[in-house]
Amino acid sequence: MSLLLSPSSIGNCQLKNKVVMPPMCMYKSDNSAKVTAFHSFHYTSRAIGNVGLIIVEATAVEPRGRISNNDLGLWEDSQIAGHKLLVDQAHEFGSKIAIQLAHAGRKSLVKETTPIAPSSIAFDTSGGFKTPQSLDLEQIALVKQLFLDSAKRAKEAGYDILELHAAHGYLLCEFLSPLTNKREDIYGGSLENRCRLTLEIAKLLKEQIDLPLIVRISASEWKTNGWDIEDSIYLSKELEKLGVDSIHVSAGGNQKEPDLMPELSPLYQCDYAKKIKESVSIPVIAVGLITTAKQGETLLEDKVCDFVAYGRELLRDANLVFKLAKEFNQKELIDSSYLRAYL
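This is a predicted model, so every value here is computed, not measured.

Student: In this structure, what is going on with helix α6 (residues 229-241)? I would like to understand it.
Tutor: Structural remark: α-helix, 3.6 residues per turn; residues separated by three or four positions point the same way. With 13 residues, α6 should cover 18 Å at 1.5 Å per step; its first-to-last C-alpha distance of 18 Å lies within 8% of that length. Within α6, burial applies to Ile229, Asp231, Ser232, Ile233, Leu235, Ser236, Glu238 and Leu239. Packed against the buried residues of α6 are α4 (171-176), α5 (191-208), β10 (213-218), β11 (246-250) and α7 (270-277). In this structure aspartate 228 caps α6, since a side-chain oxygen of it lies 3.2 Å from the backbone nitrogen of glutamate 230. A positive backbone phi angle near 100 degrees is found at glycine 243, which sits one or two residues after α6.

Take a look at the structure:
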């Protein structure tokens, strides 16, 4: 059996293979931020296609935490039912399902609200971005509670795993970077202080929610004097100490004009995952234009990561895992209703 299609686990959650559908915003809700029929068909089709772990797109913990007016949310109880439907459908077809809890911070484009951030620095001066309000300590405490309350709703909806979004230039990522965090209190300045909010939220979730926790990070913001891989290794080690169950390694997103951005080629982010995997003992998820069976298998064989996230490829092909199974000559893993297409 291939490594990619063999079972594994994140925390106490058993997964039937190591193929992960990473969170990808669909922008298919409305201002209610509730799950729609689109989300139901979109995620369930990947469960039918045998994906081991499906991570639902960035789901906001408050209205101004949405990236857009078309994002999902889980800040009130009326939003739970739609998420429960997604969970039940994924489980019916044997996939496990996680939810990425998120706050857009200064990158929010929601029309009715003013974004928040560690410091009052806009992401851009055009494109609808607004100058954010700098959070005070009381407001930071509220943000922590918002993440915890949304995690409780996710647990009620039946999700198998939580993912905390600390990547791609959204609120927690903004706190991590010395370029977007100019605070002079306990949440700014030193690396330890800039990591404080992410670590405090992760600690809350691990102590109060009985679910495995993944944290997604941008390993580098690709900007001179900005957040880099060494900072990410420090954060990953601290997260592991808190009992976090996995690190999901991406990159970029915090700067409008990065000056250290690598060429966008296959596996371009995987070296970050390898360096973090060498530094922690918990599972690492790799991403970055991974499209083929051979690429995924080689990443696992070479101990670059423990799970492989196929993003764009799973948008192109909901039955990607069946295609992988054919290439590995493991056709018993293909749903019988689809087998004739892979003979």
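Student: What's the story with unusual backbone geometry in this structure? I'm lost.
Tutor: Most peptide bonds are trans, and most residues other than glycine sit at a negative phi. At leucine 267, a position not held by glycine, the phi torsion is positive, near 70 degrees. Tracing the backbone shows leucine 267 in the loop between β11 and α7. Here leucine 267 falls in the partly exposed class, since its relative accessible area comes to 30%. Notably, asparagine 329 is not glycine yet its phi reads approximately 55 degrees, a positive angle. Locating asparagine 329 in the fold gives a position in the segment after α10 (320-327). Taking the relative accessible area as the measure of exposure, asparagine 329 reaches 62% and is therefore exposed.

Student: Which parts of the structure should I look at to understand the side chain of asparagine 319?
Tutor: Along the polypeptide, asparagine 319 turns up in the loop between α9 (312-316) and α10. The class of asparagine 319 is buried, set by a relative accessible area of 16%. Those residues in contact with asparagine 319, other than ones at most four positions away along the chain, are Gly49, Tyr338 and Tyr342.

Reading the values: the criteria
- Residues numbered from 1 in each chain as written.
- Predicted model: local features only at pLDDT ≥ 70, side-chain atom pairs only at ≥ 80, totals over all residues.
- Heavy atoms only, no water.
- Helix = DSSP H or I, 4+ residues; strand = E, 2+ residues; numbered from the N terminus.
- Expected span 1.5 Å × (residues − 1).
- Buried < 20%, exposed > 50% of the residue type's maximum accessible area, 1.4 Å probe, protein only.
- Contact = heavy atoms within 4.5 Å.
- Polar contact = N/O pair within 3.5 Å; in protein donor to acceptor, adjacent residues only side chain to side chain.

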